[in-house]
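Here is what each chain is made of, one letter per residue.
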Amino acid sequence: MPGASLQNQLEEIASAAAAIATAPAARLAELKVELLGRKAGRLTEVLRGLPALDPAERREVGARANQIKQDIETAIERRERQLAQEAVRAVTMDGTMPARAVWRGALHPVTQVIDEICEIFREIGFTRITGPEVETEEYNFTKLNIPLDHPAADAHDTFYLSPGVLLRTHTSPMQARTMERYPPPIRVLVPGLAYRRDPFDPSHSPAFEQIEGLAVDEGISFVDFKAAIDFFVKRFFAPDTAVRFRPSYFPFVEPGAEVDIQCQVCKGSGCSTCKRTGFLEIMGAGMVHPAVFERCDLDSERYTGYAFGMGPARIAMLRYGIPDMRLLFQGDMRFLGQFVE
Ligand code: DAH
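The model shown is predicted, which means the values in this text are computed figures rather than measured ones.

**Thoughts on the packing of helix H1 (residues 2-16) against helix H3 (residues 42-49)**
Look at H1 against H3: their axes get within 10 Å of each other, and the N-to-C directions meet at 160°. By the criterion of interaxial angle, the relationship of H1 to H3 is roughly antiparallel. Both H1 and H3 take part in a crossing whose hand is left-handed. Residues Leu-6, Gln-9, Leu-10, Glu-12, Ile-13 and Ala-16 of H1 touch H3, and the partners they reach there are Arg-42, Leu-43, Val-46 and Gly-49. The residue makeup of the contact of H1 with H3, split by class, is six nonpolar, two polar and two charged.

**A look at the pairing of strand E5 (residues 186-195)**
For a regular strand, the rule is simple: side chains alternate between the two faces of the sheet. Extensive coverage of E5 is indicated by the burial of eight of its ten residues. Of the strand pairs in this sheet, strand E1 (residues 127-128) and E5 are connected by two bridges, and their pairing is parallel. In the sheet register, Arg-128 faces E5, and the bridge partner there is Leu-189.

**Here we look at unusual backbone geometry**
For the bond from Pro-184 to Pro-185, the omega torsion is 5°, close enough to zero to count as cis. Following the sequence through the fold, Pro-185 ends up in the loop between helix H8 (173-181) and E5. Going from Glu-254 to Pro-255, the amide bond is cis rather than trans, its omega being -5°. As for its position among the elements, Pro-255 is in strand E8 (residues 253-262). The backbone phi angle of Asn-145 is positive, close to 70°, even though this residue is not glycine. Of note, Asn-145 is situated in the loop between helix H6 (137-140) and helix H7 (151-155).

**Concerning the sheet that holds strand E7 (residues 243-248)**
Ordered by their spatial adjacency, seven strands build an open sheet running E1-E5-E6-E10-E9-E8-E7, and the pairing between neighbours is mixed. Each edge of the open sheet carries a strand with a single partner, namely E1 and E7. Sheet topology note: the strand E6 (residues 207-217)/strand E10 (residues 304-310) ladder contains seven bridges and is antiparallel. The partner of Ala-215 across the bridge, within E10, is Tyr-306. H8 rests against E5, E6, strand E9 (279-288) and E10 of the sheet, and its axis sits at about 35° to E6. Docked against the sheet, helix H11 (residues 312-320) engages E6, E9 and E10, running at close to 150° with respect to E9.

**Points about the pattern of salt bridges**
The full count for this structure, using the stated rule, is 19 salt bridges. The partner of Glu-135 in a salt bridge is Arg-177, and the shortest N-O contact between them spans 2.7 Å. Highlighted residues: Glu-135 in strand E2 (residues 134-136) and Arg-177 in helix H8, separated in sequence by 42 residues. A relative accessible area of 2% places Glu-135 in the buried class.

Calculation criteria
Residues numbered from 1 in each chain as written. Predicted model: local features only at pLDDT ≥ 70, side-chain atom pairs only at ≥ 80, totals over all residues. Heavy atoms only, no water. Axes fitted to C-alpha atoms, helices over the stretch in contact; angles between N-to-C directions. Helix = DSSP H or I, 4+ residues; strand = E, 2+ residues; numbered from the N terminus. Parallel < 35°, antiparallel > 145°, perpendicular 65-115°, else oblique. Left-handed = near helix turned anticlockwise from the far one by under 90°. Contact = heavy atoms within 4.5 Å. Nonpolar A, V, L, I, M, F, W, Y, C, P; charged D, E, K, R; others polar. Buried < 20%, exposed > 50% of the residue type's maximum accessible area, 1.4 Å probe, protein only. Pairing = 2+ DSSP bridges. Salt bridge = Lys/Arg side-chain N within 4 Å of Asp/Glu carboxyl O.

Encoded structure:
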């Protein structure tokens, strides 16, 4: 019976149409032609067979054919709309989304202080150099006129790596290395890490930055030293900052001194930061000891010079009012973010 065969064809078409719901764009276009095409579409084929049926069957099959046609058209429309939305979503952005935070790298506050100090000394002829953190006893102590049994060697509480080899306890060994390697006139600044068996507390760290300064030439006097330091302090802190030179002792200088600056917190009137003295110590210094020259094969009758050593972490703390040295080592972005320029 031709009616039954057309019915079967219709149900096959209906199940083939299920693919529309998930068809990609290209397949959807094919399905459209395959199912509804006017010339050879499967549904068109069925409709063409209708006139051969008797009226009752024709009505029944015709009604089913129309329903399937409508279902297919609806499904195609829906799928086309879906595909269009997907295409739009793929190329447009969501303007309401918060922007991604931009992270800018920055130099650590102590590095910034070191760079600034080196810049200031560069203006008066100092070259920036670096030296080894692993040193020998000879350079760290002996050449600097510190006998190994001297309390100064103990006080440094040294990290030894092997007998006679250690982590430098200060940057001063670079004084000897520089004098041995370069003939005067010498003007160098040596930033770098030094190490001591100190506890990690608000004012100590077992690893810390130092900056060593050394100037050697014929006829250098303590006045040259005072002038250089005065120039530095007034540039780095404020032009009206008072500077004080106090006698002190270091085995590698004679005379030795400590340099104080007017307290940055109370401006000299006395507060807890400066322990009521009105001054803060910023470096050890002095005139290079003749014994150090001799150990480095320089004629101490001909040459004189000054040397100084300072702690840029301490200087950063004084300048920015940082209460605890450990903040400088913890990498906490809430702290470091304040020093982004
Ligand atoms: N090296 C000394 C220290 O770490 C600091 C120092 C003092 C360096 C006097 C010098 C100097 O160059 O002349 O404690």
